[in-house]
Amino acid sequence: SSPSPGDTSVLAGLYGPAEVKGSKELPDRAALEVLLRPKVGLPGVIEHSREQLLRQTCEAVVLGTLHPRTAITLVLQVLSDAGSLLACCLNAACMGLLDAGLPLSSLFCGVTCALDPNGAIVLDPTTRQEQEARAVLTFAIDSAERKVLMATTKGSCSVEEMQQCLAAAQRAADTIFQFYRDSVRRRYSKS
Amino acid sequence: MATGRGAAAEACVGQVVLPGDVLLLPAHPDEDGERLRLGAGVAPRGRLLCGPGLRRCVAGLLVTKCGLLRHRPAGDGAAAGGAYWVDSQQKRYVPVKGDHVIGIVTAKAGDLFKLDVGGSEQASLSYLAFEGATKRNRPNVQVGDLIYGQFLVANKDMEPEMVCIDSSGRSSGMGIIGQDGFLFKVSLGLIRKLLAPKCEIIQELSQLYPFELVLGMNGRIWVKAKTVQQTLIIVNILEACEYMTAEQRKQALAKLSGN
């Protein structure tokens, strides 16, 4: 699956539950691994840190206890990057999990907020807006009670500004969940 | 949207449900766990069966897979109170007890055969689990053979075990699949469609050429027709059936039978 806000595009492939190598085996739950491949070059430190954020978010929703001693691998390939990359990766990961039929306790989506020097909130910023912004915040929001699964900030902002961004992100999450519902409906209407 | 999470289960039957949706079940009026009931006047309440894609939670049923919600009304047997489940499309197979599957023999380890069934672990098959097998009369199974059997043990904690006999000791169609033929993989949803009673696809194909067909619930299909060309034609039609509508399929078959 490859959702794309604007021109950012990420392709997600999910493999699992599959056989796991001895050292990575967990006795009571599935071992989730995320691989993020950039468009050019080898994966660096930024990709590895994003992989960890994605892995922690996915582990919170996947019911891993139903498949102990197995491995679930999620591979994300960046096709084009025009801003809000982490949020796009989160959305692609969720759609991949949905598509593969893994048991989930809820869905999640990613929303990026940028605070420009005037203090205005911009949702889903482009690369240029991200560079000019004072702070860029990315939230992963779950579908059950709109709670925050993951939050990461680049730059500095006050606590009130973060709360405002969070409220805006929770409102934007509704549109994304409706999009999930519509695409699943379209898929199952064909069969 | 954050507050109105629960929807009545009956209202959602036949609609698309997503993970995280909570389905509310109608409350039973005589459900009081406090009072003990004595005597013959106890009418056994039907037990509601919570099928694949659903889990019980505090409020009702929690949906864990996306798909169409299905319901079977109350009847006799194990699910006396009715059953709810989610029809989802998947390619990866997870072993379930009682499923008939096609396995490929990968290793012979003493008295056990190891089979690849497409799940996360390899299944084991004892050499005595064939009809008429004794310690002296061993079945002739080689590495690379195809076996059609059912799961005796299949849960998340243990290695899956298969057998090729049913509970009365007869093989009832299970065992080693013969020579030749073609094995290929399709999605699990297509297998369920083909296994439905009076499946149109199989009826239409059987009018085209005579062929032998084995369907495994793990997404594997084995086909054998008189010639290699006929076998490959049937394989291509079955693979394409997943994405074709009924009219497109009838057109394709008409073109083939015309040739």
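Note that the structure is predicted; figures quoted are calculated from it, not measured. (Residues numbered from 1 in each chain as written. Chains lettered and ligands numbered in written order. Predicted model: local features only at pLDDT ≥ 70, side-chain atom pairs only at ≥ 80, totals over all residues. Heavy atoms only, no water.)

A. Here's a closer look at the pattern of salt bridges. Residues and elements named next belong to chain B. A full pass over the atoms with the stated rule returns 18 salt bridges over all chains. Among the ionic pairs, Arg192 bridges to Asp87, the shortest N-O distance being 3.9 Å. Residue Arg192 is located in helix α1 (residues 188-195), and its partner Asp87 is located in strand β8 (residues 83-87); the two are separated by 105 residues in the primary sequence. Classification of Arg192 as partly exposed rests on a relative accessible area of 38%. Taken together, the shared-partner salt bridges connect Glu200, Glu204, Arg249 and Lys250 into one network. (Salt bridge = Lys/Arg side-chain N within 4 Å of Asp/Glu carboxyl O. Helix = DSSP H or I, 4+ residues; strand = E, 2+ residues; numbered from the N terminus. Buried < 20%, exposed > 50% of the residue type's maximum accessible area, 1.4 Å probe, protein only.)

B. How the structure looks around empty space enclosed by the protein. Residue and element names in this part refer to chain A. Going through the model one piece at a time under the given rule, you end up with one cavity of 30 Å³ or more. The volume enclosed by the largest cavity comes to roughly 50 Å³. Residue lining of the largest cavity: Arg29, Ala30, Leu32, Cys58, Glu59, Val62, Gly64 and Ile72, and that is the complete set. Split into classes, the residues belonging to the lining of the largest cavity amount to five nonpolar, one polar and two charged. (1 Å grid on protein atoms, 1.4 Å probe; cavity = no way out; pocket = protein on both sides within 12 Å on 5 of 7 lines; lining within 4 Å. Points joined across faces, edges and corners; volume = space filled by probe spheres on them. Nonpolar A, V, L, I, M, F, W, Y, C, P; charged D, E, K, R; others polar.)

C. Representation of helix α3 (residues 228-240) of chain B. Residue and element names in this part refer to chain B. Under the 1.5 Å per step criterion, the end-to-end length of α3 is 18 Å for 13 residues, consistent within 8% with the ideal 18 Å. Taken together, the buried positions of α3 are Thr231, Ile233, Ile234, Val235, Ile237 and Leu238. Here the buried face of α3 lies against β15 (182-185), α1, α2 (200-208), β16 (211-215), β17 (220-225) and α4 (246-258). (Expected span 1.5 Å × (residues − 1). Contact = heavy atoms within 4.5 Å.)

D. Examining unusual backbone geometry more closely. With omega at -5 degrees, the peptide bond leading from Gly16 of chain A into Pro17 of chain A counts as cis. Along the chain, Pro17 of chain A falls in strand β1 (residues 9-18). Backbone geometry places Asp180 of chain B, a non-glycine residue, at a positive phi of 60 degrees. With respect to the element layout, Asp180 of chain B can be found in the loop between β14 (175-176) and β15.

E. Looking closely at the layout of surface pockets. Taken as a whole, the largest pocket spans an internal volume of roughly 1,400 Å³. Around the largest pocket sit 44 residues that line it, and Pro52, Lys65, Val94, Pro95 and Val96 of chain B are the ones nearest its centre. Elements supplying a minimum of two residues to the lining of the largest pocket: β5 (54-56), β8 and α1 of chain B. It is β8 of chain B that contributes the most residues to the lining of the largest pocket, five residues altogether. Grouping the amino acids of the lining of the largest pocket by side-chain chemistry returns 23 nonpolar, 11 polar and 10 charged. In terms of lining, the second largest pocket is formed by 33 residues, of which the most central are Arg187 of chain A together with Gln89, Gln90, Ser187 and Glu242 of chain B. Of all the elements in the fold, those that place two or more residues in the lining of the second largest pocket are β1, α2 (85-100) and α4 (159-190) of chain A together with β7 (67-72), α1 and α4 of chain B. With five residues, β1 of chain A is the largest single contributor of residues to the lining of the second largest pocket. Across the lining of the second largest pocket, the residue classes tally to 11 nonpolar, 11 polar and 11 charged. Counting only domains with at least three residues in the lining of the second largest pocket, you end up with domain 1 (7-27 + 46-87) and domain 3 (182-257) of chain B. (Domains from an automatic or database assignment.)

F. Molecular detail of the nonpolar core. Residues and elements named next belong to chain A. Residues Leu76, Leu97, Leu107, Phe108, Cys109, Phe139 and Tyr180 are the most contacted members of the largest nonpolar core, which totals 54 residues. Among the elements of the structure, β1, β2 (31-37), α1 (45-61), β3 (71-80), α2, β4 (108-115), β6 (135-142) and α4 are those that each provide at least two residues to this core. Top contributing element to this core by residue count: α2, with 11 residues. Those residues in contact with Leu76, other than ones at most four positions away along the chain, are Val10, Leu11, Ala12, Val34, Leu35, Leu36, Arg37, Leu54, Cys89, Ala92 and Ala93. (Core = buried A, V, L, I, M, F, W, Y, C linked by side-chain atoms within 4.5 Å.)

G. Expanded view of the pairing of β16 of chain B. Residue and element names in this part refer to chain B. Both β16 and β17 contribute to a ladder of five bridges, which runs antiparallel. The residue bridging Val214 from the neighbouring strand is Trp222, located in β17. Taking the residues that link successive antiparallel strands as the turn, the β16-β17 hairpin has four residues, and the phi of Gly219 there is positive, at about 90 degrees. (Pairing = 2+ DSSP bridges.)

That's the geometry; what it means functionally is another story.
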